[in-house]
Amino acid sequence: MCGIVAYLGDKHAYPILVEGLHRLEYRGYDSAGIVLLDDEIHLVKKKGKVRDLEDAAGGTPKRSTIGIGHTRWATHGEPNDVNAHPHLSGNGRLALVHNGIIENYAILKKALERLGHTFVSETDTEVFVHLIEEYQTRDGISIEEAVLQALNRVIGAYAIVVVDKEDPDKLVAARKQSPLVVGVGDDEFLVASDASPIVKYTNKVVYLNDHELAIITRDGNLNIRDIANNHVEPRVEEIDLKIEELEKEGYDFFMHKEIHQQPQTIMDCMRGRLNVQEGWIKLGGLEEYKKQILQANRMIIAGCGTSWHAGLIAEYLFEDLARLPVEVEYASELRYRNPVIREGDVVLAISQSGETADTLAALKHVKEKGATIYGIVNVVGSSIARITHAGSYIHAGPEIGVASTKAFTGQVTLLSLMALMIGYERGTIPLTRYEELISELGQIPEKVREVLAYEEQVKYIASEIKDTANALYLGRGYNFPVALEGALKLKEISYIHAEGYPAAEMKHGPIALIDENMPVIVIATNQSAYDKILSNVQEVKARKAKVIAITTKGDEQLKKYADYIVEIPETMEPFTPLLSVIPLQLLSYYIAVMRGCNVDQPRNLAKSVTVE
Ligand code: M6R
């Protein structure tokens, strides 16, 4: 939620900031702004995309070697030029960019107004910069000392970068619950919400931790302190992120590229972890805490959105293969409940970004209650990856389209590996079945490639139903969470109302919605409950709905009832979601494109939800 980028070095800051904002635009795209600093503060900010900011900045923006930039996803105050970041202090000396929410901003604002401050925007961020100004002018202290004092007053989440025109060779950055990375180059520093604006310049980074403040100066000094002003030794890490991974590479949209990357990303997720010939699965990141997982009495899985759907699939996998009881929780609910955590319970969080505020808070909540916590995360070095006792990365590479695709299949692949490993070691899977399963899992990337070859057919179906106002997705067993995921994909990028349902539940209500105008997408692969779902399809057809069926290759029965068919290759039931979700991703993608929607940046959404 919101992207921050800052630069201090010997290059012209403006193009670096603008390029960085383009890379971070997936985090928020309702307005953008930059401040360039010399003896003066040069501020440009604009409602709309980074493109609009560039137009507003004109062709020859100020040459300066220090600056800060921001792309916004509004929390306080509507998206407009005034509410856009950076925000300035009342005396015009300080400029600040912020990602997060200051919860006590109303009280602080009143207190500051009583002291004579006036505000021009409706944002919590402007209050933050005025508070820093208040300490700085009242006590005659440096910018970093004033920021430190302000951090001790604000309640909420923040990643900030501040500049001071009276101290123009310094960036001051701080974080709590919102990510911030410092890139350490030769004679230059970048600060950003993630590493994407940094990798072009350096692969050396320092991830700031919660309650840490970085003071960066032109003489090459990176000084980190905690909120109590103790020195913290910076831990420089090397990241492995290639610039091509951040480009569309010939595709019109990142989502399309990411859908097509899946044969490779699923393989990358299994690389070094699955050895079919020798019959082993190793998840290095879990080794240290493996005993707790193997002896667990219960697993609680927490996540949001698509990651929650992956968690629902894990429920089937862990129960089926490892005989491990599972409860799947919306992280946003778990964080405010008083869950019973017993000895022998493990909690697994699933998150692409590793920064989702609800998931992070739920994890902290159960950790305090004594749970051992694990993370399945994509973004390396993210907050969830760092607060969990153990975990595994899915290695899907940067996912930039707001709609999650390759992260979902990466999560399900990792969860399949985990369920198989636990099942094998707990002795709940007979050896021959285990061998068949791991051999089949090894075939999945190739089978995903086969499904992708049906793209034109899916595109045709998309053209047939693109004007619908509603859609219903039905599935059973392992395919029920896939139905939820298909519906979510359609909703978020094409703005069509869609519902996912367990197929048999349809007759308890949603069947009332079905008529000739309702497309019903049924995931009906030839596995358990196939006959039952066939009956559900007949019920739907009897009410004249348009039926789009995702079936297993060679299924002749469904052809009689379905209006459109997309076939997927035969696989073993636990891995069906990895194939059946692909046509649904393509379907929503093409419908959104045909409706003229901005696929990668759907309205009101942002890639990672770092606020409540
Ligand atoms: O980064 P996370 O996996 O924690 O994000 C969770 C959800 O916000 C995310 O899956 C969201 O639902 C996506 N837009 C779905 O496509």
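Residues numbered from 1 in each chain as written. Predicted model: local features only at pLDDT ≥ 70, side-chain atom pairs only at ≥ 80, totals over all residues. Heavy atoms only, no water.

**Looking at the nonpolar core**
Looking at soluble globular proteins, one finds that nonpolar side chains tend to be buried together. Membership of the largest hydrophobic core comes to 95 residues, with the highest contact counts inside it found for Phe 318, Met 418, Leu 420 and Tyr 473. Composition of this core by domain shows at least three residues from each of domain 2 (251-448) and domain 3 (454-612). Excluding anything up to four places from it in sequence, Met 418 contacts Leu 283, Leu 286, Ile 293, Met 299, Phe 318, Leu 348 and Ile 376. Ranked by size, the runner-up nonpolar core spans 28 residues in total, among them Tyr 7, Ile 198, Val 205 and Ile 239. (Core = buried A, V, L, I, M, F, W, Y, C linked by side-chain atoms within 4.5 Å. Buried < 20%, exposed > 50% of the residue type's maximum accessible area, 1.4 Å probe, protein only. Domains from an automatic or database assignment. Contact = heavy atoms within 4.5 Å.)

**Observations concerning the site of the ligand**
The local shell around the ligand holds 14 residues, among which Ser 307, Ser 351, Gln 352, Thr 356 and Glu 492 are the closest. A distance of 3.2 Å is found between a nitrogen atom of the ligand and a backbone nitrogen or oxygen belonging to Val 402. Within the side chain of Glu 492, one N or O atom sits 2.4 Å away from an oxygen atom of the ligand. Contributions of two or more residues to the shell around the ligand are made by α9 (305-322) and α16 (479-494). Of the residues assigned to the shell around the ligand, the class counts are four nonpolar, eight polar and two charged. Shared between two domains, the shell around the ligand holds at least three residues of each, these being domain 2 (251-448) and domain 3 (454-612). (Near = heavy atom within 4 Å. Polar contact = N/O pair within 3.5 Å; in protein donor to acceptor, adjacent residues only side chain to side chain. Helix = DSSP H or I, 4+ residues; strand = E, 2+ residues; numbered from the N terminus. Nonpolar A, V, L, I, M, F, W, Y, C, P; charged D, E, K, R; others polar.)

**Things to note about the sheet that holds strand β18 (residues 298-303)**
Strand order in the open sheet made by the five strands is β19-β18-β20-β21-β22, with parallel pairing throughout. Here the strands that pair on one side only, and so sit at the sheet edges, are β19 (326-330) and β22 (390-393). Recorded for the sheet is a direction-independent mean angle of 20 degrees between the axes of neighbouring strands. The sheet contact formed by strand β20 (residues 345-351) and strand β21 (residues 372-377) spans six bridges and is parallel. Bridge pairing in β21 links Ala 349 to Gly 375. (Pairing = 2+ DSSP bridges. Axes fitted to C-alpha atoms, helices over the stretch in contact; angles between N-to-C directions.)

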